[in-house]
Amino acid sequence: MLAGPGLFGGLFELGKGYKNPVLVSSMDGVGTKLKLAVALNSYDSVGMDIVNHSVNDILTTGAVPLFFLDYIAMGKLATDKVCDIVNGLSAACQESGCALIGGETAEMPGLYTGEDFDLAGTIVGIVEKDAIISGRDITPGDVLLGLASTGLHTNGYSLARRVLGESREDLDRFEPSLGQTVGQALMAVHRSYLRELQPLLPLVKGLVHITGGGFEGNVPRIMPEGTAARFDTSAWAVSPIFKLLQERGNIDRDEMYRVFNMGIGMVIIAAPDRAAQIVKALPEAKDIGRIIRQNGEQRVMLD
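What counts, and at which threshold
Residues numbered from 1 in each chain as written. Predicted model: local features only at pLDDT ≥ 70, side-chain atom pairs only at ≥ 80, totals over all residues. Heavy atoms only, no water. Helix = DSSP H or I, 4+ residues; strand = E, 2+ residues; numbered from the N terminus. Contact = heavy atoms within 4.5 Å. Axes fitted to C-alpha atoms, helices over the stretch in contact; angles between N-to-C directions. Left-handed = near helix turned anticlockwise from the far one by under 90°. Nonpolar A, V, L, I, M, F, W, Y, C, P; charged D, E, K, R; others polar. Buried < 20%, exposed > 50% of the residue type's maximum accessible area, 1.4 Å probe, protein only. Arc of directions from axis to C-beta. Salt bridge = Lys/Arg side-chain N within 4 Å of Asp/Glu carboxyl O.

This brings us to the side chain of Ser96. Considering the arrangement of structural elements, one finds Ser96 in helix α3 (residues 79–96). Ignoring anything within four residues of it in the chain, the contact list for Ser96 reads Asn52, Val55, Pro65, Ser192 and Leu194.

Dropping the structure here:
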């Protein structure tokens, strides 16, 4: 950063050391997880959520973050809540080596009522052009590796709130199957995969951040035409929070995999020999499937 607060735009010097740099940007929000933050009066974790979510999104291209800008909107400005949110943003940015370069805090009475608020963010990262991960060289036989999520991350909360409730009483209820309260499980911070994956990016053909839309909505985004992904869902342990949601909500299995990440937050696609190298360097990566030739319209199979 070249300047502190006060200017109408943030300044960031790219610096030297890049041969053919490409900037990668993404913008997202936290969604209705914010409703739970209000109910629990806990705001720092959602700041971390939006940064980590954004870092993962650009990481799928091979990019590392440069800077982040936030947008916070409330009906009436609550300084203590904004400070908590920004503390979370700052902590996650520091963890990712990302500058929190600026943002907007808006007070909009009449548009937001009560304690309602919104939180969104924009991230800008960088990758060398010849190191972009595009998925174009993915072929049948490539291995699908999965990295665990910390829970729902930032998706599926409208359904989760409907099933498990959203009052303070609902969220403070201790759930033996979770080993913690419902609120603690639902508010688990969205995991960032940057530190684990950055050294391994040269071994990777494709990365998929499992967000809204689950496996079916996200995996095909990286696969070339004519290919499909077959997952062995028995290859990983589904997190207890998802089992609880399915049982309490009587939710169909396919719907669960369409809405939630089901315990896998990032999918790595690599050639078999490279996949073995990745697992050796990152033992938590689980072999969860293969890329196959597409036969028909279906592109994601969940066995």
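Orientation of helix α2 (residues 44–59) relative to α3, taken along the N-to-C sense of each, is 35°, at an axis distance of 6 Å. By crossing handedness, the relation of α2 to α3 is classed as right-handed. Between α2 and α3, the contacting residues are Asp44, Gly47, Met48, Ile50, Val51, Asn52 and Val55 on the first element and Asp84, Ile85, Gly88, Leu89, Ala92, Cys93 and Ser96 on the second. A breakdown of the residues in the contact of α2 with α3 according to their chemical character gives eight nonpolar, four polar and two charged.

In this section: helix α9 (residues 240–249). Residues of α9 that are buried include every one of Ile241, Phe242, Leu244 and Leu245, and no others. Angular distribution of buried residues about the axis of α9 spans 160°; they occupy a single face of the element. Residues of α9 that are buried make contact with α4 (157–164), β6 (174–175), α6 (182–186) and α10 (253–259). Following α9 by one or two positions, Asn250 has its phi on the positive side, about 50°.

Another point: the pattern of salt bridges. One pass over the full model with this rule turns up 14 salt bridges. The closest approach of N and O atoms between Arg258 and Glu255, which form a salt bridge, is 3.0 Å. Here Arg258 and its partner Glu255 are both found in helix α10, three residues apart, which amounts to about one turn of the helix. Classification of Arg258 by relative accessible area gives partly exposed; the value is 36%. Among the ionic pairs, Asp287 bridges to Arg290, the shortest N-O distance being 2.7 Å.

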